[in-house]
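Chain residues, written in single-letter form:
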Amino acid sequence: MFSRRSLFKLNFNCLKNHFVYYKHNVSLKNKTQTIPIQNLLNLQSWVDDYCKLQAHATINSFYNYEISKSRLELKNNNALDFKFELPNVKIEKQSKAFVITIDNVKNKNALTMDMYEGITEALNYSLEDRTTSITILTGKGQFFSSGNNFTNIQSFDFDRYLKVYKKFMLSLIDHDKPLIGFINGPAIGIMAEVLPLFDYLLFSSNAYFKTLSVDNKCFAGGCSTFTFPYLIGKNISCDFLTRGRTINAMEGKDLGLINSVVLSSHFNNVAKRKINQFSKIDPVSLVVIKKLFRNNIRKDLYECLNKEMMLYNLMKKNNTISRQLMFANK
């Protein structure tokens, strides 16, 4: 459940009337103005309540649950859209979409440890936000993400990385709101490996995805050793995950991994139209369908993640994880 502490990390203040307020500078004199954001914190236990329904995974039970919770929402037709930024991660609301943008253009949107944590916080906050019905993850600039950006490997905190990575993966696995990927450019490394965890993928025509091959002393993460064979079969998955095969946008669409491919020159306009289209769909139905789909493979994803963590710990004991991360930065 999203805690008060995690909200404070996002620079929010929680008040007794169940609204969230975000402070931002509005003048050169560094004065602050407080803008209310309707987030309905009185429903923040909905994730825990969902867990109680695991044994009753039927459409009626989920649908009735969502309907009953929706009736408790505070009505405010003038609710403001919001926007705020974490280190190299931008978050904003567009219509009924919670949009998370990876913004580290200088390093081709490669992920630092803080960015892993920022994306995790943003995903968890979106799951809590009842004013939006979908979550969108995209990148700024020419790349969606080029992998990891870990500097000073010799003093790298591996224990922290393992904790951050596990929380990041769980935030994707347990994201019971439809997760949409607007893939604006190449996706390399971890952000390529987690693509099957998205529910809808819109690719720019100049985008491709590529994992880091075993030849570079890396192993596939992101639960990809389960998700890719599950979706496209063993043979192609083996080429992609162990030999570093590059899959372009059209090939990915033919394989069934990608929903839609558009010309790069039209990508932003099409993305805006997609947001409007998804915003018109009944949010209750979206959440119910997503949860029913995910429940079919959730245990398998947990098991795959646990095996990845065991492998990371084994590599750490054998002093090979630093080499693996070093190659992951290239």
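Being a predicted model, the structure only gives us computed values, none of them experimental. (Residues numbered from 1 in each chain as written. Predicted model: local features only at pLDDT ≥ 70, side-chain atom pairs only at ≥ 80, totals over all residues. Heavy atoms only, no water.)

Participant: Talk me through helix H4 (residues 113–128); I want residue IDs and the actual numbers.
Facilitator: One full turn of an α-helix is made of 3.6 residues, so residues set three or four places apart face in the same direction. Compared with the 22 Å implied by 1.5 Å per residue over 16 residues, the 23 Å span of H4 between its first and last C-alpha is a close match. Among the 16 residues in H4, 13 count as buried, and that is most of the element. (Helix = DSSP H or I, 4+ residues; strand = E, 2+ residues; numbered from the N terminus. Expected span 1.5 Å × (residues − 1). Buried < 20%, exposed > 50% of the residue type's maximum accessible area, 1.4 Å probe, protein only.)

Participant: Just give me the short version of the nonpolar core, but keep the residues and values in it.
Facilitator: Within the largest apolar cluster, 61 residues are counted, with the highest numbers of intra-cluster contacts made by Phe168, Met169, Met191, Val194, Leu195, Phe203 and Phe209. Discounting chain neighbours no more than four positions away, the residues touching Val194 are Phe168, Met169, Leu172 and Gly222. Of all hydrophobic cores here, the second largest spans 15 residues; its members include Ile134, Phe182, Leu202 and Val270. (Core = buried A, V, L, I, M, F, W, Y, C linked by side-chain atoms within 4.5 Å. Contact = heavy atoms within 4.5 Å.)

Participant: Describe the sheet that holds strand E12 (residues 247–248), listing the residues and the values that go with them.
Facilitator: Strand order in the open sheet formed by three strands is E9-E11-E12, and the pairing between neighbours is mixed. Each edge of the sheet is formed by a strand with only one pairing partner; in this case those strands are strand E9 (187–188) and E12. (Pairing = 2+ DSSP bridges.)

Participant: Please provide a residue-by-residue account of empty space enclosed by the protein, values included.
Facilitator: This structure, assessed with the given rule, holds two cavities of 30 Å³ or more. Looking at the second largest cavity, its volume works out to about 30 Å³. Leu195, Pro196, Leu201, Phe203, Phe209, Phe228, Leu257 and Ile258 are the residues that line the second largest cavity. For the lining of the second largest cavity, the class distribution of residues is eight nonpolar, no polar and no charged. (1 Å grid on protein atoms, 1.4 Å probe; cavity = no way out; pocket = protein on both sides within 12 Å on 5 of 7 lines; lining within 4 Å. Points joined across faces, edges and corners; volume = space filled by probe spheres on them. Nonpolar A, V, L, I, M, F, W, Y, C, P; charged D, E, K, R; others polar.)

Participant: Please set out the environment of Ile297 residue by residue, giving values where relevant.
Facilitator: Note that Ile297 resides in the loop between helix H11 (283–295) and helix H12 (298–317). For Ile297, a relative accessible area of 14% translates into the label buried. Between the alpha carbons of Ile297 and Ile173 there is a distance of 9.6 Å; along the sequence they are 124 residues apart. Sequence-distant contacts of Ile297, that is, excluding residues within four places in its chain, are made with Phe226 and Tyr230.

Participant: Can you explain the pattern of salt bridges? Please cite residues and give values.
Facilitator: One side chain can pair with another of opposite charge once the charged atoms of both are near each other. Throughout the structure, instances matching the rule amount to twelve salt bridges. Between Glu117 and Arg160 there is a salt bridge; the shortest N-O distance is 3.0 Å. Placement of Glu117 in helix H4 and of Arg160 in helix H5 (residues 158–173) is noted, with a sequence separation of 43 residues between them. What makes Glu117 partly exposed here is its relative accessible area of 26%. Arg160 gets classed as partly exposed once you look at its relative accessible area, which sits at 32%. With a closest N to O distance of 3.3 Å, Asp176 and Lys291 form a salt bridge. Placement of the pair is Asp176 in the loop between H5 and strand E8 (179–183) and Lys291 in helix H11, with a sequence separation of 115 residues. Each of the two residues, Asp176 as well as Lys291, counts as buried. What you see here is one network of salt bridges that share partners, running through Asp174, Asp176, Lys291 and Arg298. (Salt bridge = Lys/Arg side-chain N within 4 Å of Asp/Glu carboxyl O.)

Participant: Describe helix H10 (residues 267–279), and please don't skip the residues or the numbers.
Facilitator: Counted at 1.5 Å a residue, the expected span for H10 with its 13 residues is 18 Å, and the 18 Å between its end C-alpha atoms agrees. By the burial criterion, the buried members of H10 are Phe267, Val270, Ala271, Lys274, Ile275, Phe278 and Ser279.

Participant: So what's going on with unusual backbone geometry? Which residues, and what values?
Facilitator: The phi torsion at Lys108 lies on the positive side, around 55°, for a residue other than glycine. Mapping Lys108 onto the fold places it in the loop between strand E6 (97–102) and H4.

Participant: Explain the packing of helix H7 (residues 224–232) against helix H8 (residues 234–243) residue by residue, including any values.
Facilitator: As a packed pair, H7 and H8 sit with axes 8 Å apart at the nearest point and diverge in direction by 145°. At the point where H7 passes H8, the crossing takes the right-handed sense. In this structure, H7 contributes Ser224, Thr225, Phe228, Pro229 and Ile232 to the contact, and H8 contributes Ile236, Ser237, Phe240 and Leu241. Among the residues making up the contact of H7 with H8, the classes are represented as six nonpolar, three polar and no charged. (Axes fitted to C-alpha atoms, helices over the stretch in contact; angles between N-to-C directions. Left-handed = near helix turned anticlockwise from the far one by under 90°.)

Participant: Account for the packing of aromatic side chains, with residues named and values stated.
Facilitator: Tallied over the entire structure, the rule returns twelve aromatic pairs. Summarising the aromatic geometry, the rings of Phe98 and Tyr125 are spaced 5.7 Å apart at their centres and angled 55° between planes, so their arrangement reads as tilted. Residue Phe98 is found in strand E6, and its partner Tyr125 is found in helix H4; the two are separated by 27 residues along the sequence. For the pair Phe98 and Tyr125, one class covers both residues: buried. Seen from their ring centres, Phe182 and Phe267 are 6.5 Å apart, and the 85° between their planes marks the pair as edge-to-face. Linking Phe182 in strand E8 with Phe267 in helix H10, this pair joins segments that are 85 residues apart in sequence. Given a relative accessible area of 5%, Phe182 falls into the buried group. According to the relative accessible area criterion, Phe267 is buried, its value standing at 5%. Connected via pairs of aromatic rings, a cluster forms that spans Tyr116, Tyr161, Tyr165, Phe168 and Tyr312. (Phe/Tyr/Trp six-rings, centres within 6.5 Å; stacked < 30°, edge-to-face > 60°.)

Participant: Give me the side chain of Arg298: which residues, what numbers.
Facilitator: Inspection of the secondary structure assignment puts Arg298 in helix H12. A residue is classified by how much of its surface remains accessible, and Arg298, at 6% relative accessible area, is buried. Looking at Arg298, its side chain comes within polar contact range of the side chain of Asp176, at 2.9 Å. (Polar contact = N/O pair within 3.5 Å; in protein donor to acceptor, adjacent residues only side chain to side chain.)

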